[in-house]
Amino acid sequence: MGKIVAIVNQKGGVGKTTTAVNLTAGLGMQGKKVLIVDIDPQGNTTSGFGINKRETVFSSYHLITGDKPAETVIKKTEFKGVDIIPSTMDLAGAEIELSTMENREAKLKNALASVRESYDYILLDCPPSLGLITLNALVATDTFLVPIQCEYFALEGLSQLMSTMRQIKRLYNPTLEIEGVLLTMFDGRLNLTQQVVNEIKKFFGKKLYNTVITRSVRLSEAPSFGLPIQYYDKRSKGAICYNDLATEFIKRNK
């Protein structure tokens, strides 16, 4: 049965979508069958895999609201081992629709049940908020992965996130566990970076990935071409970092 991993941080701009796209591509390149589910209304993961949102008929909106089964909203991508459930702006209205539904927090979990057997991993790219869509992801998931930028305010956000996770574990998903914490936009020359790293190590220990994602211009450029970094520039620093992360991710899940 495929493992479901939510990529989550309520703070925007921490490399969450960059991680969703490039970790998915890295896992696919290493022979894993991966489904990436874009449940962020901005749909940046969808664009990151070169999919035109305007031409997308069925999306994660139809999945979460129960209008369509997972099998009909999955799209094949041109990238090895990767399928996607894309997002469109329709998803922005799903929060309101969900609020009136019965068992509203388990809609995504129930919708993905029929396709779990078909994949090694199902990754969920969550919105940068802790609303009903993210709650659905955290009820559906086995574990959650937190990308975190190396700055002071990120630490404040992280403690709030962990407090929310404890609540969700207690109320909705008793088996919810942390997959790992990933340092992004890493610049080892800055003193603050090292201080943040030390604080996170103290708190998370072995849950902190050894792999860090360094700042990279090529990593920022790749989405505008609709390509994961491994397909945009396979020799770039960003591609090497995300391939290393995929290797570490697989190793930890053996």
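Before reading further, recall that the structure is shown in the block above.
Residues numbered from 1 in each chain as written. Predicted model: local features only at pLDDT ≥ 70, side-chain atom pairs only at ≥ 80, totals over all residues. Heavy atoms only, no water.

A. Inspection of the pairing of strand S2 (residues 34-38) at higher detail. Buried residues dominate S2, accounting for five of its five residues. Residues Val-34, Ile-36 and Asp-38 line one face of S2 and the alternating positions Leu-35 and Val-37 line the opposite face, and both faces are buried. Two strands pair when backbone bridges link them, and S2 and strand S4 (residues 82-85) are joined in this way by four bridges, in the parallel orientation. Following the sheet pairing, Val-37 is matched in S4 by Ile-85. Pairing of S2 with strand S5 (residues 121-125) involves five bridges; the strand directions are parallel. Within S5, the residue paired with Leu-35 across the bridge is Ile-122. (Buried < 20%, exposed > 50% of the residue type's maximum accessible area, 1.4 Å probe, protein only. Helix = DSSP H or I, 4+ residues; strand = E, 2+ residues; numbered from the N terminus. Pairing = 2+ DSSP bridges.)

B. Quick look at the sheet that holds strand S8 (residues 208-214). Strand order in the open sheet formed by eight strands is S3-S4-S2-S5-S1-S6-S7-S8, and the pairing between neighbours is mixed. Every interior strand has two partners, whereas the edge strands, strand S3 (75-76) and S8, have only one. Strand contacts of helix H12 (residues 237-252): strand S1 (3-7), S5, strand S6 (143-149), strand S7 (177-186) and S8, with the helix running at about 165° to S8, the strand carrying the most contacts. (Contact = heavy atoms within 4.5 Å. Axes fitted to C-alpha atoms, helices over the stretch in contact; angles between N-to-C directions.)

C. Fine view of a nonpolar patch on the surface. Residues Tyr-152, Phe-153 and Leu-192 make up a contiguous nonpolar surface patch of roughly 340 Å² in combined accessible area. Tracing the chain through its elements places Phe-153 in helix H8 (residues 152-171). Take Phe-153: its relative accessible area is 55%, and that puts it in the exposed class. (Patch = residues over 30% accessible without salt bridge, like charges linked within 9 Å, V, L, I, M, F, W, Y side chains within 5 Å. Areas by Shrake-Rupley, 256 points an atom, 1.4 Å probe, with all protein chains shown as cover. Salt bridge = Lys/Arg side-chain N within 4 Å of Asp/Glu carboxyl O.)

D. Highlighting the pattern of salt bridges. Within this structure, the stated rule accounts for 11 salt bridges. A salt bridge links Glu-177 to Lys-169; the nearest nitrogen and oxygen atoms lie 2.8 Å apart. Relative accessible area serves as the criterion here: at 30%, Lys-169 is assigned to the partly exposed category. A cluster of three or more residues bridged by salt bridges with shared partners is formed by Lys-16, Asp-40 and Asp-125.

E. A look at the nonpolar core. Of all hydrophobic cores here, the largest spans 51 residues; its most connected members are Ile-39, Leu-112, Leu-124 and Phe-144. Among the elements that make up this core, the one with the highest residue count is helix H7 (residues 132-140) (seven residues). Non-local contacts of Ile-39, meaning those with residues more than four positions away in its chain, are made with Ser-60, Ile-64, Leu-91, Leu-108, Leu-124, Asp-125, Cys-126, Pro-127, Ile-133 and Ala-137. Counting residues in each nonpolar core, the second largest holds 30 residues, with Leu-23, Val-34, Tyr-121 and Leu-245 among its members. (Core = buried A, V, L, I, M, F, W, Y, C linked by side-chain atoms within 4.5 Å.)

F. Expanded view of the layout of surface pockets. Roughly 380 Å³ of volume is contained in the largest pocket. Forming the boundary of the largest pocket are 23 residues, of which Val-14, Gly-15, Lys-16, Thr-18 and Met-185 lie nearest the centre. Of all the elements in the fold, those that place two or more residues in the lining of the largest pocket are helix H1 (16-29), S7, S8 and helix H10 (217-221). Grouping the constituent residues of the lining of the largest pocket by class yields seven nonpolar, 12 polar and four charged. (1 Å grid on protein atoms, 1.4 Å probe; cavity = no way out; pocket = protein on both sides within 12 Å on 5 of 7 lines; lining within 4 Å. Points joined across faces, edges and corners; volume = space filled by probe spheres on them. Nonpolar A, V, L, I, M, F, W, Y, C, P; charged D, E, K, R; others polar.)

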